[in-house]
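This is what each chain is made of:
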Amino acid sequence: MTEPIVRFQDVHKSFGDFDVLKGINLDIKPAEKVAVIGPSGSGKTTIIRMLMTLEEPSSGDIIVDGKNLWKMKKKEKMVKANEKHLREVRGDIGMVFQHFNLFPHMTILENCMTAPIHVKKENKEEVRDRSVKMLERVGLGDKLDSYPNQLSGGQKQRVAMARALVMRPKIMLFDEVTSALDPELVGEVLEVIRDLAKHEDMAMVLVTHEMDFALDIADKVLFLDEGVIAEQGTASEVIEHSENERLQGFLRRFRG
Amino acid sequence: MFNLEFYSEPKPKLEGVIIMNAIIEIFPQLARGLHVTITVLLASAILAYLMAFIAGLCRLSGNIIIRKFTGFYVEVFRGTSLIVQLFWLYYAIPMLFGIQLGSNWWTGVIAIGLNYGAYLSEVVRGSILSVAQGQSEAATALNMSRFQRMRLVIFPQAVRMMLPEFGNYTIQMLKGTSLVSLIGMTDILYYGDILRSSNLSQAPIVYLLVLVFYFILALPLIWLTRKGEHISKKGVANG
């Protein structure tokens with residue numbers, strides 16, 4: 001039994017009076033591909049945003065590679081993590097966003113090179129080679145010097161993935177990465193994710209509405225409903241053998 | 001018929017000559033003030049930009065004392081008139097505290113610089129805040145530090161957004177420099193006033209030429225502002 005690379009222990013999150021997550025317990029193993037499905041507003045995105053340190057949990061612990069993400073030890077007491085601690089722990093996590101969030105003032109290549117050079121202090125030439133290779137891999141080798149506003153949505157999202165991958169994360173988070181795309185552009189993005197899932201040994205967490213796709217590549221599926229993990233297991237366990245009526249209803253709406 | 005034409009012809013010609021003469025006479029007089037107007041503008045613009053970035057960033061600081069203190073500076077200088085500030089610095093402060101702010105050139109530069117710095121700091125603050133939240137989140141996801149997020153991602157985009165407003169305020173600052181004539185600086189308006197008081201009938205033509213001077217000085221700034229608008233349209237994510 002390998003140690004999980006990510007562990008959620010009774011994680012709660014509320015925004016004001018609204019309890020989004022009501023006690024999440026979750027283990028993600030290294031290289032495991034996890035799909036998170038569920039109705040909108042069920043807190044799917046909040047889970048991965050807390051893991052990326054974009055949202056602070058109200059209570060509970062998130063352990064990344066054995067280290068507590070949001071808390072640190074200070075004089076034998078656990079206190080709220082500071083910026084330095086967060087940076088140490090989240091270094092192995094990468095994320096792709098629904099709205100791409102590419103840096104519009106940089107070329108595609110610069111988008112990919114900035115973080116490895118400035119954050120990881122890596123050699124510039126080496127980073128350039130790696131970035132070019134990564135952009136070629138996502139099919140954008142001919143766009144290196146273009147700016148984000150010259151690209152289609154699907155191309156932007158592929159750049160965003162390349163940008164995250166150049167940092168060599170051990171955990172990649174995908175936040176509804178096809179939701180903002182025109183339908184005809186969804187396929188090209190899913191192809192890249194499928195390729196990653198097959199050939200990369202990093203853990204992946206996909207929050208998605210692309211049900212068939214998620215079930216196809218995921219080792220584990222989580223059905224999130226009203227702030228709790230209502231169902232989890234392999235794709236076939238969750239889809240075919242679940243007794244959960246809300247899950248069945250949810251799936252029916254998606255698969256027609 | 002013939003007579004009428006004969007007598008009516010030369011009159012406008014004569015007037016035109018007088019005006020031309022007046023312009024030729026007045027123009028070099030006013031031009032003596034160019035040096036002061038331009039140097040005051042350049043120096044107060046540099047001071048204003050500097051104050052804008054210092055105060056703009058301080059107002060976004062996590063430290064409440066820094067935030068309140070700069071807020072006080074901004075509101076005082078935005079909320080009171082430039083000319084009164086100028087008189088305060090020039091007349092009141094030396095009397096009350098015995099501090100001399102240097103020559104009247106320096107006093108003018110400091111008053112205009114601090115005043116427009118206060119306005120521009122709001123432009124800096126607003127631009128930084130209007131860079132889309134997602135940009136900062138993407139930078140966090142790439143594990144950038146707070147400082148790196150600002151330096152590499154937020155600031156370069158915010159500066160693009162600031163350019164048109166900085167251009168606008170610089171044009172205003174040019175016109176604001178005319179106030180230094182009130183503390184005895186020999187700028188364009190000062191020479192205009194001298195000319196007018198020595199020959200009242202020339203007042204319209206004098207002040208017309210003063211306007212022309214300011215307009216010519218403003219032209220490059222207007223052009224730069226347009227340029228700035230063009231640049232700011234590209235390369236910014238907001239929303």
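Per an unreviewed UniProt entry, chain A goes by the name Ectoine/hydroxyectoine ABC transporter ATP-binding protein EhuA and belongs to Oceanobacillus profundus. Recorded in UniProt under Sequence similarities (unreviewed entry), the annotation for chain A is "Belongs to the ABC transporter superfamily." Of the comments in the UniProt record for chain A, the one headed Subcellular location (unreviewed entry) reads "Cell membrane".

Participant: I'd like a description of the overall build of chain A, backed by residues and values.
Facilitator: Per the secondary structure count, chain A includes nine helices and 12 strands. Whereas a compact globule of 256 residues would reach a radius of gyration of roughly 18 Å, chain A reaches 19 Å, a difference of no more than 12%. The dimensions of chain A, computed from C-alpha atoms along their principal axes, are 55 × 50 × 40 Å. Relative to its 256 residues, chain A shows a buried fraction of 56%. Taking the intrachain contacts of chain A between residues at least 6 apart in sequence as the baseline, contacts between residues at least 24 apart amount to 64%. Total accessible area on chain A stands at roughly 11,800 Å², and carbon and sulfur atoms take up 46% of it.

Participant: I'd like a rundown of helix H1 (residues 44-51) of chain A, residues and numbers included.
Facilitator: All names here are of chain A. Among the eight residues that make up H1, seven are buried, leaving the element largely enclosed by the rest of the structure. Taken together, the buried positions of H1 are Lys-44, Thr-46, Ile-47, Ile-48, Arg-49, Met-50 and Leu-51. Remark: Thr-53 follows H1 within two positions and exhibits a positive phi of approximately 65 degrees.

Participant: So what's going on with the interface of chain B and chain A? Which residues, and what values?
Facilitator: Taken residue by residue, the interface counts 23 residues in chain B and 26 residues in chain A. Both sides together, the interface formed by chain B and chain A hides about 1,900 Å², and carbon and sulfur atoms give 59% of it. Between Arg-149 of chain B and Glu-83 of chain A there is a salt bridge; the shortest N-O distance is 3.9 Å. Run the count over chain B and chain A and you get 10 residue pairs in polar contact (both at pLDDT 80 or more). When residues of the side of chain B that touches chain A are traced back to their parent elements, those giving at least two are helix H7 (133-141) and helix H8 (146-176) of chain B. No other element matches the nine residues that H8 of chain B contributes to the side of chain B that touches chain A. Here the side of chain B that touches chain A is composed, by residue class, of 10 nonpolar, eight polar and five charged.

Participant: Account for the sheet that holds strand E1 (residues 6-15) of chain A, naming residues and giving values.
Facilitator: Residues and elements named next belong to chain A. On the basis of which strands lie adjacent, the open sheet formed by four strands has the order E2-E1-E4-E5 and antiparallel pairing. With one partner strand each, in any of the chains shown, strand E2 (18-28) and strand E5 (67-68) form the two edges of the open sheet. In this structure, E1 lies alongside E2, joined through eight bridges in antiparallel fashion. Within E2, the residue paired with Val-11 across the bridge is Ile-24. In the packing of H1 onto the sheet, contacts are made with E1, E2 and strand E4 (59-64), and the angle to E1 comes to roughly 115 degrees.

Participant: Run through the pairing of strand E10 (residues 203-207) of chain A, naming residues and quoting values.
Facilitator: All names here are of chain A. With respect to burial, E10 is a largely interior element, five of its five residues being buried. Of the two faces of E10, the one carrying Ala-203, Val-205 and Val-207 and the one carrying Met-204 and Leu-206 are both buried. When strand E3 (residues 33-37) meets E10, the two strands line up parallel, connected through four bridges. Bridging across to E10, Lys-33 finds its partner in Met-204.

Participant: Which residues make up the sheet that holds strand E11 (residues 220-225) of chain A, and what values do they have?
Facilitator: Residues and elements named next belong to chain A. The sheet built from six strands is open, its strands ordered E8-E9-E10-E3-E11-E12 with mixed pairing. Looking at strand neighbours, the two that pair on one side only are strand E8 (93-96) and strand E12 (228-233), the edges of this open sheet. Here the average twist between neighbouring strands, direction ignored, is 20 degrees. Packing of helix H6 (residues 183-199) onto the sheet brings it into contact with E3, strand E9 (171-175) and E10, and relative to E10 it is tilted by some 150 degrees.

Participant: Any details on the pattern of salt bridges? Residues and values, ideally.
Facilitator: Residues and elements named next belong to chain A. What the rule picks out here adds up to 24 salt bridges over all chains. Ionic pairing is found between Glu-191 and Arg-194, a salt bridge with its closest N-O pair at 3.6 Å. With a gap of three residues between them, Glu-191 and Arg-194 both fall in helix H6, about one helical turn apart. The exposure class of Glu-191 is partly exposed, given its relative accessible area of 46%.

Parameters and conventions
Residues numbered from 1 in each chain as written. Chains lettered and ligands numbered in written order. Predicted model: local features only at pLDDT ≥ 70, side-chain atom pairs only at ≥ 80, totals over all residues. Heavy atoms only, no water. UniProt positions renumbered as here; feature names shortened; annotations may be inferred. Helix = DSSP H or I, 4+ residues; strand = E, 2+ residues; numbered from the N terminus. Rg over C-alpha atoms; globule rule 2.2 N^0.38 Å. Buried < 20%, exposed > 50% of the residue type's maximum accessible area, 1.4 Å probe, protein only. Contact = heavy atoms within 4.5 Å. Areas by Shrake-Rupley, 256 points an atom, 1.4 Å probe, with all protein chains shown as cover. Buried area = accessible area lost by both parts, 1.4 Å probe. Salt bridge = Lys/Arg side-chain N within 4 Å of Asp/Glu carboxyl O. Polar contact = N/O pair within 3.5 Å; in protein donor to acceptor, adjacent residues only side chain to side chain. Nonpolar A, V, L, I, M, F, W, Y, C, P; charged D, E, K, R; others polar. Pairing = 2+ DSSP bridges. Axes fitted to C-alpha atoms, helices over the stretch in contact; angles between N-to-C directions.

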